[in-house]
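Working through the structure, step by step
Each chain, written out:
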Amino acid sequence: MAHADGASTTAPLQAGHSAPIAAPTKEIRGFSHMVLEVQDLDRSERFYQDVIGLDHLGRGLLAEPRPHSLMKMNTGQLIVLIQHDNPVPIRPNTSSIHHAFLMTMDEYEAAQARFKAAGYDISDTREAFRARGEHSMDVFDPDGHRWQVQAFSEEQHEIIKSGQGVVDCGPFDKYRVGSVTTFGKANFFLYRSRRGFLALNRWCRHANGLLTHQPEHWRFYCAFHGATYNMEGDHIGHLPDIPNLRLHPLSINADGHVLVDTDVFIERPADTPPEYVPAPEPALAAR
Ligand code: FES
């Protein structure tokens, strides 16, 4: 396989049933180029240049016998348009095969204005499935290739207050050891372990998606890009460099009620265990 810098690797990337599977590497830096078959080169060049905003480097620049055109992103990565009388058929309006451009928010807003001026629908038909700081829209090129255009705004790392202030969760002894209770309006989880109570904020640290509790997996899960956290809020999933969940200060008052202050957020550094608030001793001993 060719790398972006032209080097090659002998490691098998796909193994048959009896072939050894190569150990995962971190050699790939990004994709070098992508080839799309199109019916009409003029039409497609106009789309990728005027609507998407790519640079047109020229035609016939590659050792490719068919008419072709080279378009460049501002990352230096290339899209090669190759004219073909019968391009690979595309299933319209499906997301099975599609491509996505990633932009800064400024670039995204500029693209929105350009798409709109060109008569494209810039609404996000899947807005309900986006994390808080995630923006996305779709455009289709003249041959029906679906392009998703994405950007992540500052909102993805904003601290979001629920506006619920101090929440009285009721008597501590109604929560059994090992239980997790979701406070939906106030957006926190109340977790009771043998060591005591924790109040974990529900906003995912990747891009502010709202987490759900998955009791069958003993974890918190974000459906937006699949982040997972253990019961103490440590990120345990596949995404790189995700901080632990934020905590809220918690106390147990003289009446034995658990109080959670949702206006205050505690950042817990990696490798620093959370501070549990123990249940009152006499009741604990009575269990
Ligand atoms: S917002 Fe991306 S995984 Fe949670």
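Source: prediction; values computed, not measured. (Residues numbered from 1 in each chain as written. Predicted model: local features only at pLDDT ≥ 70, side-chain atom pairs only at ≥ 80, totals over all residues.)

1. Quick word on the overall build of the protein
Inclusion rule: Under the scheme used here, helices are H or I runs from DSSP no shorter than 4 residues and strands are E runs no shorter than 2 residues, and both carry numbers assigned from the N terminus. Residues with at least 20 other C-beta atoms within 10 Å of their own are called buried, those with 12 or fewer are called exposed, and the rest are partly exposed. The C-beta atoms themselves are positioned from the backbone. Here, residue contact means that the backbone-derived C-beta atoms of the two residues sit within 7 Å.
Within the protein one finds 3 helices and 16 strands. Across the 287 residues that make up the protein, the buried fraction comes to 22%. Across the protein, contacts joining residues at least 24 apart in sequence account for 50% of those joining residues at least 6 apart.

2. Details of the sheet that holds strand β13 (residues 219-221)
Selection criterion: Note on pairing: DSSP must find at least two bridges between two strands before they are called paired.
In spatial order, the strands read β12-β13-β14; together these 3 strands make up an open sheet with antiparallel pairing. A single partner strand is all that each edge strand has here, and the edge strands are β12 (212-214) and β14 (228-229). Sheet analysis places β13 next to β14, joined by 2 bridges and oriented antiparallel. Within the sheet, the bridge partner assigned to Tyr-221 lies in β14 and is Thr-228.

3. Quick word on the sheet that holds strand β11 (residues 196-201)
Keep this limit in mind: To obtain an axis, a line is fitted to C-alpha atoms, over the contacting stretch when the element is a helix, and the angle between two such axes runs from 0 to 180 degrees between their N-to-C directions.
Overall, antiparallel pairing links the 3 strands, which are arranged β9-β10-β11 in an open sheet. Either end of the sheet is taken by a strand with one partner, and the two such strands are β9 (180-183) and β11. Going across the sheet, the axis of each strand differs from the next one's by a mean of 20 degrees, ignoring polarity. Two elements, strand β10 (residues 188-193) and β11, share 6 bridges in a ladder whose sense is antiparallel. Looking at β11, one finds that Phe-189 is bridged to Leu-200.

4. Section: the nonpolar core
Which entries qualify depends on this criterion: Residues of type Ala, Val, Leu, Ile, Met, Phe, Trp, Tyr and Cys that are buried and joined through C-beta atoms within 7 Å form what is called a nonpolar core. Domain ranges listed in this record stem from an automatic or a database domain assignment.
Counting 35 residues, the largest nonpolar core has Phe-188, Leu-190, Ala-199, Leu-200, Cys-204, Val-258 and Val-260 as its most contacted members. Elements supplying a minimum of two residues to this core: α2 (105-117), β6 (134-140), β7 (146-152), β8 (166-171), β10, β11 and β16 (257-261). For this core, the two domains that each supply at least three residues are domain 1 (16-156) and domain 2 (166-285). The contact partners of Leu-190, leaving out residues within four places of it in the chain, are Cys-169, Tyr-175, Thr-181, Phe-183, Phe-197, Ala-199, Val-258 and Val-260. One finds Leu-54, Leu-70, Met-71 and Leu-81 within the second-largest nonpolar core, a separate group that totals 8 residues.

5. Observations concerning the environment of Arg-43
Relative to the helices and strands, Arg-43 is located in helix α1 (residues 41-51). Given 14 C-beta atoms within 10 Å, Arg-43 falls into the partly exposed group. The spacing of Arg-43 and Asp-143 is 100 residues in sequence and 9.3 Å in space, taken between C-alpha atoms.

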